[in-house]
Amino acid sequence: MLPSVFLALAFAALGAATVASASARSTPGRATTAAQFAGTVRDSTGNPLRGATVEVLAGGVVLKSVVTGDVQQEGANSYNYQVTGLLSGSYDVRASKSGMQGAGTRITLAESQQLFGVDLTLEALHVFSSGLAMVSTPFDYSDQSIASLLGLPATSTKVANWVGSRYAYHPEAPADRFRLGQGYFLQLDKPVLLVRQGGAVPTTQPYRLRLRSGWNMIGNPFPFIVNWFDARVEVGADVMTLQDAIGRDLIKNALWTYSSGQYRLAFQLVPWEGYWVKVTEKAAQGLTLLVPNVAGRGTAPAPYRRAAADAWTLQLVASAGNLRDEANYLGVSSEAQDGYDAAGDVPEPPPARAADWVQLTFPHRSGWGADCGEYAVDLRSPSTRERVWEFEAGSNVPRADVTLSWPDAGQLPDGLTAVLEDVDTGARRHIRPLESYTFRTGTTGGMRRFRLRIVPQEQVPLRVTDSRVAGGRHGSPLRVILSDAASVAWDGHDWRGQEPGRGIFFRQVGASALDGRTTQAIRPFVNVR
């Protein structure tokens, strides 16, 4: 059996001796050759990191430490760090860099082995993705400009924050620095790492976020998810639940966030995301939002699915290429009313002007007083009469093909017919059997007007009220009168494909409407040749 020995090795670096040790087996009288390994330390976006520290440990003792530099190439292998002069054996390798989460692995080296591909990935505190998004930070960075914090050129840093009725753009305050509780639009050409942790807010009490009347861009001040409807509202000396504040029409009932080219309704405050929320004119002096200091429990609810037995909703989606606007709902509920409804009608947020867009909105530009504007959710009270919703859809992209769709039309209650009207062209379509309707924008983009009529089917039964061959001779056009729009076809031949001869015949006429209704009638006719 070969003896086990303990070897002490001296490594020289910059004229100073660093002593390290490792356990190994050796053969008496035989010289050993040192092993080495190399790899690349990267960030979570895949970019090689300079200035990261790589340590080699055995038995919890650091034997060697190197700092990553530029990427080097050796044959087919690339690396930005290399560790040499090691005995055969097993080692722990760990990498670290200030502001980033460390990473490690375990390797085993044979005598004189040259091992490549010992790669490690360090996670940043946060990665802001490329493109346009609404963002926030759960830390305070009011002591440093956004450009400096993210390592971006000050002249090309694209940040916006809402002030009253307009956007302020970097470097104008408040779009100049990330502040707790504030939301921002951030547009990046490529992902950017945030490696510095700012000032944290105490989690021992709710965070007091002051909101002014009108639209506000906000963010989660805590590093954990918070349920939106767990928040409370303070107006003067009164403190109430968010639901009570919505019922009193002090604050609107939805959050909006923006990512991947579209607005989304939100029901939770997620760290690092930004949101729109609107305070009404009834809170003329603003109000204070008490953001709960307790992590949210459960999952976010499905948007605008009313529990009442007489309630139904229909989602409308507008899309153009990769652009989508999905958060649009119309419907009825006994909890809603025909006019402005604080609990059921949701206003559209201000447009994200820094990018191409597609939009669908329900306009209420008159009759709703201070609540006039564009809406994304429009709920009404139940009715046995025809209901009509007017909406507009379009894009700022010139000559774009905009597609309207209704993914849950099959869930409309039985007995209802839904008819889409293109106001600008006069086209009418029953939506139940169709998946979509497409139109093209103009040379400068623009919006198109539509109506959606919801009609109880018993108001429009489908019947053949008359059927005759004009002129009474075969080959003359067939004239059919129906009680509603439907398609009818007859080519003048019998079921065998032959023309009928002289005599008295019976003609069976079938008609089908776009919503699936069908009817048929049998009528006699005389064919004279």
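Since the model is a prediction, treat every value here as computed from it, not as a measurement.

K.L.:
Could you give an account of the overall build of the protein, naming the residues involved and the relevant values?
P.N.:
Along the protein, the regular secondary structure elements total 2 helices and 47 strands. Considering the protein as a whole, with its 529 residues, one finds that 45% of them fall into the buried category. Expressed as a percentage of contacts within the protein between residues at least 6 apart in sequence, the contacts between residues at least 24 apart total 68%. Counting every atom, the protein has about 26,100 Å² of accessible surface; 49% of that belongs to carbon and sulfur.

K.L.:
A description of unusual backbone geometry should follow, citing residues and the corresponding values.
P.N.:
The omega angle of the peptide bond from His170 to Pro171 is 10°, so this bond is cis rather than trans. Positionally, Pro171 belongs in the loop between strand S18 (166–169) and strand S19 (184–188). Here the amide bond leading from Ala173 into Pro174 is cis, since omega sits at 5°, within 30 degrees of zero. Along the chain, the position of Pro174 falls in the loop between S18 and S19. The backbone of Asp249 sits at a positive phi, close to 60°, despite the residue not being glycine. Checked against the element boundaries, Asp249 lands in the loop between helix H2 (242–247) and strand S26 (255–259). At Ser260, a residue that is not glycine, the phi angle is positive and equals roughly 55°. Counting through the fold element by element, Ser260 comes out in the loop between S26 and strand S27 (262–266).

K.L.:
I'd like a rundown of the environment of Leu379, residues and numbers included.
P.N.:
Topologically, Leu379 is positioned in strand S37 (residues 373–380). On the basis of relative accessible area, Leu379 is assigned to the buried category, the value being 0%. Considered as a pair, Leu379 and Tyr340 are 39 residues apart in the sequence and their alpha carbons are 8.9 Å apart.

K.L.:
Let's hear about the sheet that holds strand S24 (residues 232–235): which residues, and what values?
P.N.:
Reading across from one edge, S21-S30-S24-S25 is the order of the 4 strands in this open sheet, with antiparallel pairing throughout. The sheet is open, and its two edges are formed by strand S21 (207–211) and strand S25 (238–241), each paired on a single side. Averaged over neighbouring strand pairs, the angle between their axes works out to 25° when direction is ignored.

K.L.:
Account for the nonpolar core, with residues named and values stated.
P.N.:
Among the nonpolar cores identified, the biggest contains 33 residues, and Trp312, Leu314, Phe391, Leu404 and Trp406 are the most heavily contacted of them. Not counting the four nearest positions on each side in its chain, Trp312 is found in contact with Leu330, Gly331, Val332, Trp389, Leu412, Pro413, Leu416 and Ile454. Residues Val201, Ile218, Val233 and Leu269 belong to the second largest nonpolar core, which totals 27 residues.

K.L.:
Go over the side chain of Arg448 with me, naming the residues and quoting the values.
P.N.:
Positionally, Arg448 belongs in strand S43 (residues 446–456). With a relative accessible area of 15%, Arg448 lands in the buried category. Among the polar contacts listed, one links the side chain of Arg448 to the side chain of Asp422, at a separation of 2.6 Å.

K.L.:
Explain the packing of aromatic side chains to me, using residue names and the numbers behind them.
P.N.:
The final tally for this structure, using the stated rule, is 26 aromatic pairs. One aromatic cluster is present, built from ring pairs that chain together Trp162, Tyr167, Tyr169, Phe185, Trp215, Trp256, Tyr258, Tyr263 and Trp276.

K.L.:
A description of the confidence of the model for the protein should follow, citing residues and the corresponding values.
P.N.:
Per-residue confidence for the protein averages 84 on the pLDDT scale, and 81% of its residues sit at or above 70. Confidence drops under pLDDT 50 across residues 1–31; counting only partners more than four residues distant or on other chains, this segment forms 38 contacts. Note on residues 471–476: pLDDT under 50 across the span, and 11 contacts to partners over four residues away in sequence or across chains.

Parameters and conventions
Residues numbered from 1 in each chain as written. Predicted model: local features only at pLDDT ≥ 70, side-chain atom pairs only at ≥ 80, totals over all residues. Heavy atoms only, no water. Helix = DSSP H or I, 4+ residues; strand = E, 2+ residues; numbered from the N terminus. Buried < 20%, exposed > 50% of the residue type's maximum accessible area, 1.4 Å probe, protein only. Contact = heavy atoms within 4.5 Å. Areas by Shrake-Rupley, 256 points an atom, 1.4 Å probe, with all protein chains shown as cover. Pairing = 2+ DSSP bridges. Axes fitted to C-alpha atoms, helices over the stretch in contact; angles between N-to-C directions. Core = buried A, V, L, I, M, F, W, Y, C linked by side-chain atoms within 4.5 Å. Polar contact = N/O pair within 3.5 Å; in protein donor to acceptor, adjacent residues only side chain to side chain. Phe/Tyr/Trp six-rings, centres within 6.5 Å; stacked < 30°, edge-to-face > 60°. pLDDT = per-residue confidence, 0-100.

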